[in-house]
Amino acid sequence: ASRAMSTNSISSFFVYGTLRPDDISGQSWTKEFLKSASSCRRSRLADHTLYISPNRYPHAVPRKGGAIRGTLVEFPESLMPEKLSFADEVEGVNFEDQTSEHGYKRVKVEVVTDDEAYENVSSAKGEPVQTWVYIKDSCDPGAEEIPEGDFVAHYTRMRPHMMTFE
């Protein structure tokens, strides 16, 4: 494997839900996760679709042609073991044996960074970056697709009609 794809050299996460710096759902873990981030850049994950489950948590599922808007959160390499452990705990993932409490798995993906990608998700022209993301193999029963691929925009629009997180 090339250095770019080696597990140890990845020092970032693509976050699309409650770990995003602009998330407004008020989860207790967001601020702690983002502490000591070296940068947060708008970015896009291609060939994935975003869903929101009946309990109001978002999840990404691989699907050709889909796109998800989120943030590439980069950390100093020295903090990655701590950040991986923290994020795995939030998402209920045991990375060593690939088990998960909530059906998520942590995988390596390539995202494209580009501020314009936020406004026009299909035309990101920025830099491709190898990063970690939490995804599910399939959408949860009763989950709804977020067609624009943007959890924060969806949550902002739906908040008056949504019940709280469970």
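See the structure above.
Keep in mind that what you see is a predicted model, and the values were worked out from it rather than measured. (Residues numbered from 1 in each chain as written. Predicted model: local features only at pLDDT ≥ 70, side-chain atom pairs only at ≥ 80, totals over all residues. Heavy atoms only, no water.)

Digging into the overall build of the protein
At step 1: Scanning the protein from N- to C-terminus turns up four helices and eight strands.
At step 2: In the protein, the succession of helices and strands from N to C terminus is β-α-β-β-α-β-β-β-α-β-β-α.
At step 3: Considering the protein as a whole, with its 166 residues, one finds that 49% of them fall into the buried category.
At step 4: Look at the contacts in the protein between residues 6 or more apart in sequence, and 70% of them connect residues 24 or more apart.
At step 5: For the protein, the computed accessible surface area is about 8500 Å², with 50% contributed by carbon and sulfur atoms. (Helix = DSSP H or I, 4+ residues; strand = E, 2+ residues; numbered from the N terminus. Buried < 20%, exposed > 50% of the residue type's maximum accessible area, 1.4 Å probe, protein only. Contact = heavy atoms within 4.5 Å. Areas by Shrake-Rupley, 256 points an atom, 1.4 Å probe, with all protein chains shown as cover.)

Considering helix α4 (residues 151–158)
At step 1: Within α4, burial applies to Phe 151, Val 152, His 154 and Tyr 155. Here the buried residues of α4 occupy an arc of 160° about the axis, which is enough to place them on one side.
At step 2: If you follow the buried residues of α4, they end up packed against β2 (39–52) and β3 (58–74).
At step 3: Sitting at the head of α4, Asp 150 places a side-chain oxygen 3.1 Å from the backbone nitrogen of Val 152. (Arc of directions from axis to C-beta. Polar contact = N/O pair within 3.5 Å; in protein donor to acceptor, adjacent residues only side chain to side chain.)

A short note on the pattern of salt bridges
At step 1: Applying the stated criterion to the full structure yields 10 salt bridges.
At step 2: For Lys 105, the salt bridge identified is with Asp 137, shortest N-O distance 2.7 Å. Of this pair, Lys 105 sits in strand β6 (residues 105–113) while Asp 137 sits in the loop between β7 (128–135) and β8 (144–145), placing them 32 residues apart in sequence.
At step 3: Residue classification places Lys 105 among the partly exposed residues on the basis of a relative accessible area of 27%.
At step 4: Exposure remark for Asp 137: the relative accessible area of 56% places this residue in the exposed category. (Salt bridge = Lys/Arg side-chain N within 4 Å of Asp/Glu carboxyl O.)

Some words on the nonpolar core
At step 1: Within the largest apolar cluster, 36 residues are counted, with the highest numbers of intra-cluster contacts made by Phe 13, Tyr 16, Phe 33 and Val 133.
At step 2: Broken down by element, the residue count for this core peaks at five residues, all from β7.
At step 3: Not counting chain neighbours up to four residues away, the residues in contact with Val 133 comprise Phe 14, Tyr 16, Leu 45, Lys 105, Arg 106, Val 107 and Val 109. (Core = buried A, V, L, I, M, F, W, Y, C linked by side-chain atoms within 4.5 Å.)

Points about unusual backbone geometry
At step 1: Despite not being glycine, Ser 36 has its phi angle at roughly 70°, a positive value.
At step 2: Structurally, the position occupied by Ser 36 is in the loop between α1 (30–34) and β2.
At step 3: Look at Asp 47: it is not a glycine, yet its phi comes out positive at around 55°.
At step 4: Its place among the elements puts Asp 47 in strand β2.
At step 5: Given the relative accessible area of 30%, Asp 47 is considered partly exposed.

Purely spatial values, then, with no claim about function.
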